[in-house]
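Take a look at the letters that make up each chain.
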Amino acid sequence: MLTAPCEVITVGGVTDTRDVDVLVIGAGFAGLRTLHTMRGLGMSVAVLEAGDGIGGVWYWNRYPGARCDVESYDYSFGFSDELQQEWRWSERYATQPEILRYVEHVADRFDLRRDVHLRQRMTRAEFDGTRWQVETESGEHWSGQYLVMAVGNLSTAKAPEYPGQSEFGGRILHTATWPHEGVDLDGQRVGIIGTGSSGMQMTPVVAKQAAHLTVFQRTPNFSIPASNAAIDDATDAEVKAHYAERREAARNSPSGLGFEPSKLSALDATPEDRRATYEAAWKRMGFGFVLAYYDLILDQAANDTAADFIREKIGEQIDDPETREKLIPRGFPFGTKRPSVDSDYYPTFNRENVTLVDVRTDPIERVTPTGIQTAQGHHDLDVLVFATGFDAMTGSLLRPEIIGRDGETLREHWKAGPRTYLGLLTYGFPNLVVIAGPGSPSLLSNVLLSIEQHVDWLAALLVHLRETGADLVEATPEAEERWVAHVNERAAATLYPKAQSYYMGDEVEGKPRVFMPYSGGVRGYRRILEKVVADGYEGIVTSKAQALA
């Protein structure tokens, strides 16, 4: 089952194929954790990374204001107590530079870089009956017993194409591919298209730099204050003294954040108690606000109580009545699009150098050499920024050609939406594993916890294969069918389908409209994984590969 570490085969003096036990695609948090854990099993591992550096989304997303919306102490690895004791976070919500420094520290501390191969974008992978044969954009060939997709849910950027865009005389940027050398926006006329998390984080920062900022908004979203603050030494010491308990609380919570919803319905609380609960959540919980009561994502009337409170809070921050009306989210339940966590987003629109354009009533017609023409006028710009997000959940998984058994591609298998068992395995694609992807809690959770949960479960599975003499693993078609049905049933019991969101595939035209994450919660999902193992890996078939002739 094990091969020599990163064996290089040469034919006629020319490098042909590099063989390893585990090929990992992506050198972000998931890829590095997989590398460290698989190495610990004595397996040879190679991580193929498309970029020039490690860090995944935190390597690419360097726009002004970029920071995590999960608290730093939780958005970090828990596999090493020494690591979590030695690393000192500076803020409650870490910025992109600090998160990238953390990733680089982890890579150096555990000597991970020697098995990471940069500028190696996978373009094709084919299962040959025993192993995965992989080709990269640069022409390299790799072979792995197991292929682990650690590509992230928000890693394939999407940018609109407007008429006249190529004629723009200024600079066009995307938040997900921000120049590493930075961009000087001082004195510039800047336009931002998009008001998701990236646009909301960026707007207050750019407004302080630019001569004028124009924000083009399609759909206003709910946002909760980050209440960000520096972490003092006393807080740091307190967290580290009880880190084990904190991690355990997160593992046993619905979201992986350690928050436990009230057992009350929002409708059963008195108006006074409900108000007090929402005030406390507004000041501290970030996007965890949706857990203030257990039924906020299950019952429309309960959700309305939270949505009305948040609309009121948003409105209090905006001076101009017309602008206020444009910024208040309506038409979908709170939490059914991932809520943003912001720092002074709404008060930014009180600045004289900031303009809001509602493209629903004033649509963009074209990009001109000097700016953007909307139905109601022209907006002069020097810099145009697309904060338009990603082809979420499946974009990076379906970008390369992945060919399973009998020549079926993953695109074909997923043409009606992603089909997995447990979000981990896919029928017809033996030894292909997805980390924290569709069919798992993924974007509905603290994704760092979900990553570690998946990698540890995979490690136990590979130990099981070794002990039983097997080296092929695959979901049964029946187990995959049951899991897809279960994911859909759980989603149908919630309010999520009522919103146009990337959870539903609505961010890309023509994408199947199906709910992609698992909404049963981190705790419930973990119990399912444990039961699958206790039942002898129910729904999973293992076997011994037949050597190729």
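In the block above lies the structure referred to throughout.
Every chain's residues receive numbers from 1 upward, in the order its sequence appears when written. Reporting of local features is limited, given that this is a predicted model, to residues whose pLDDT is at least 70; pairs of side-chain atoms are given and counted only at 80 or more, and all residues count toward the totals for whole chains, interfaces and linings. Only hydrogens and water are removed before side-chain values are computed, so all heavy atoms of the structure are retained for them.

Here we come to the overall build of the chain. Going along the chain from the N terminus, every DSSP run of H or I of four or more residues is numbered as a helix, and every run of E of two or more is numbered as a strand. Per the secondary structure count, the chain includes 15 helices and 21 strands. What the globule rule says is 2.2 Å times the number of residues to the power 0.38, and the radius of gyration is computed from C-alpha atoms. A globule of 549 residues ought to have a C-alpha radius of gyration of about 24 Å, and the chain, at 24 Å, matches this closely. In terms of overall dimensions, the chain has a C-alpha envelope of 75 × 60 × 50 Å along the principal axes. Expressed as a percentage of its 549 residues, the buried residues of the chain come to 57%. Reported accessibility uses the Shrake-Rupley method at a 1.4 Å probe radius. Residues are deemed covered only where the shown protein chains occlude them. Per element, the accessible surface of the chain, about 22000 Å² overall, is 50% carbon and sulfur. Charge assignment in this entry is limited to Lys and Arg as positive and Asp and Glu as negative, and neither His nor the chain termini are counted. The atoms used to mark charge sites are NZ of Lys, CZ of Arg, CG of Asp and CD of Glu. For the chain, the distance from the average site of its 55 positive side-chain charges to the average site of its 77 negative ones is 1 Å. We call a residue buried when its accessible area falls under 20% of the maximum for its residue type, exposed when it is over 50%, and partly exposed in between, using a 1.4 Å probe and counting protein chains only.

Moving on to helix α9 (residues 300-315). What a helix should span is 1.5 Å times the count of its residues minus one. Along its 16 residues, α9 runs 22 Å from first to last C-alpha, staying within 8% of the 22 Å computed at 1.5 Å per residue. Taken as a whole, α9 has its buried residues at Ala 302, Asn 303, Thr 305, Ala 306, Ala 307, Phe 309, Ile 310, Arg 311, Lys 313, Ile 314 and Gly 315. Whether two residues are in contact is decided by their heavy atoms, any of which lying within 4.5 Å being enough. Tucked inside the fold, the buried residues of α9 contact β11 (223-225), α8 (271-284) and α10 (321-327). Between a side-chain oxygen at the N-terminus of α9 and the backbone nitrogen of Ala 301 the separation is 3.0 Å; the capping residue is Asp 299. Polar contact is the term for a pair of N or O atoms within 3.5 Å; when the atoms are in protein, one must be able to donate a hydrogen and the other to accept it, and sequence-neighboring residues count only if both atoms are side-chain atoms.

With that settled, consider the packing of α8 against α9. The axes are straight lines fitted to the C-alpha atoms, using for helices just the contacting stretch, and the angles between their N-to-C directions are given from 0 to 180°. Between α8 and α9, the least distance of the axes is 11 Å, while the angle of their chain directions is 55 degrees. When the axis of α8 is compared with that of α9, the two are oblique. By crossing handedness, the relation of α8 to α9 is classed as right-handed. Only Ala 302, Thr 305, Ala 306, Phe 309, Ile 310, Glu 312 and Lys 313 of α9 make contact with α8, whose side of the interface consists of Arg 274, Arg 275, Tyr 278, Glu 279 and Trp 282. The class makeup of the residues in the contact of α8 with α9 is six nonpolar, one polar and five charged. An angle counts as roughly parallel when it lies under 35 degrees, as roughly antiparallel when it exceeds 145, as roughly perpendicular when it falls between 65 and 115, and as oblique in every other case. Two helices that cross are described as forming a left-handed crossing if the nearer one is turned anticlockwise from the farther one by less than a right angle, and a right-handed crossing if clockwise. Lys, Arg, Asp and Glu make up the charged group, whereas Ala, Val, Leu, Ile, Met, Phe, Trp, Tyr, Cys and Pro make up the nonpolar group; the residues left over, Gly among them, are polar.

The next subject is the nonpolar core. Core analysis: the biggest nonpolar cluster contains 71 residues, and Phe 29, Met 38, Tyr 75, Leu 422 and Trp 457 have the highest contact counts within it. Setting aside its immediate chain neighbours within four residues, Leu 422 contacts Gly 439, Ser 440, His 454, Trp 457, Trp 483, Tyr 525, Ile 528, Leu 529 and Val 532. What is meant by a nonpolar core is a set of buried Ala, Val, Leu, Ile, Met, Phe, Trp, Tyr and Cys residues, joined one to another through side-chain atoms within 4.5 Å. Counting 60 residues, the second-largest nonpolar core is a separate cluster that includes Phe 222, Ile 314, Ala 387 and Tyr 496.

Within a sheet, each strand pairs with its neighbour through backbone hydrogen bonds, oriented either parallel or antiparallel. Pairing within the open sheet is antiparallel, and its three strands lie in the order β14-β15-β16. Each end of this open sheet is capped by a strand with a single partner; those strands are β14 (364-368) and β16 (377-380). Across the sheet, the axes of successive neighbouring strands diverge by a mean angle of 20 degrees, strand direction being ignored. The pairing of β14 with strand β15 (residues 371-374) spans four bridges and is antiparallel. Within β15, the position partnered with Val 367 by the bridge is Ile 372. The pairing criterion is simple: DSSP has to find at least two bridges between the two strands.

Read across the sheet, five strands follow the order β8-β17-β9-β10-β13 without closing on themselves; strand pairing throughout is parallel. Two strands in the sheet have a free side with no partner beyond their single neighbour: β8 (171-174) and β13 (354-358). Ignoring which end each strand starts from, the neighbouring axes of this sheet average 20 degrees apart. Here strand β10 (residues 212-217) runs beside β13; their pairing, made up of five bridges, is parallel. Opposite Gln 217, over in β13, you have Asp 358 as the bridge partner.

Okay, the side chain of Ser 72 next. By secondary structure assignment, the location of Ser 72 is in the loop between α2 (57-60) and α3 (81-86). A polar contact of 2.8 Å, which involves the side chain of Ser 72, links it to the backbone oxygen of Glu 91. Among residues more than four places away in sequence, those in contact with Ser 72 are Trp 89, Glu 91, Arg 92, Tyr 93 and Ala 94.

As a further point, take the packing of aromatic side chains. Here a pair means two rings of Phe, Tyr or Trp (six-membered ring of Trp) with centres within 6.5 Å. Their orientation is stacked below 30 degrees between planes, edge-to-face above 60, and tilted elsewhere. This structure, assessed with the given rule, holds 32 aromatic pairs. Each ring, one from Tyr 518 and one from Tyr 525, has its centre 5.9 Å from the other, and the planes form 50 degrees; the classification is tilted. Looking at Tyr 525, the relative accessible area reads 0%, which means it is buried. We count a charge as sitting over a ring when the NZ of a lysine or the CZ of an arginine lies within 6 Å of the ring centre and within 35 degrees of the ring normal. Taking the ring centre of Phe 287 as reference, the NZ or CZ of Arg 338 above it sits at 4.0 Å.

This part takes up the side chain of Gln 201. Tracing the sequence through the fold places Gln 201 in helix α5 (residues 197-209). Polar side-chain contacts of Gln 201 include one of 2.6 Å to the side chain of Tyr 63. What Gln 201 contacts, discounting residues up to four positions off in sequence, is Tyr 63, Pro 64, Gly 65, Ala 66, Arg 67 and Val 341.

Next up on the list: the pattern of salt bridges. In a structure, side chains of opposite charge can pair up when their charged atoms sit close to one another. The working definition used for a salt bridge is a side-chain nitrogen of Lys or Arg within 4 Å of a carboxyl oxygen of Asp or Glu. Scanning the model with the defined rule gives 43 salt bridges in all. With a closest N to O distance of 3.7 Å, Asp 115 and Arg 114 form a salt bridge. Here Arg 124 makes a salt bridge to Glu 401, at a shortest N to O gap of 3.4 Å. Placement of the pair is Arg 124 in strand β5 (residues 122-127) and Glu 401 in strand β18 (residues 401-403), with a sequence separation of 277 residues. Taking relative accessible area as the criterion, Arg 124 reaches 25% and is therefore assigned partly exposed. Linked through salt bridges whose partners overlap, the residues forming this network are Glu 71, Asp 74, Arg 92, Arg 246 and Arg 284.

Bringing the packing of helix α1 (residues 29-40) against helix α13 (residues 447-468) into the picture now. The contact between α1 and α13 brings their axes to 10 Å, and the two run at 30 degrees. On the basis of their axis angle, the class for α1 and α13 is roughly parallel. Our pair here, α1 against α13, has a crossing hand that is right-handed. Of α13, the residues touching α1 (which contributes Phe 29, Ala 30, Arg 33, Thr 34, Thr 37 and Met 38) are Leu 448, Ile 451, Glu 452, Val 455, Asp 456, Leu 458, Ala 459 and Leu 462.

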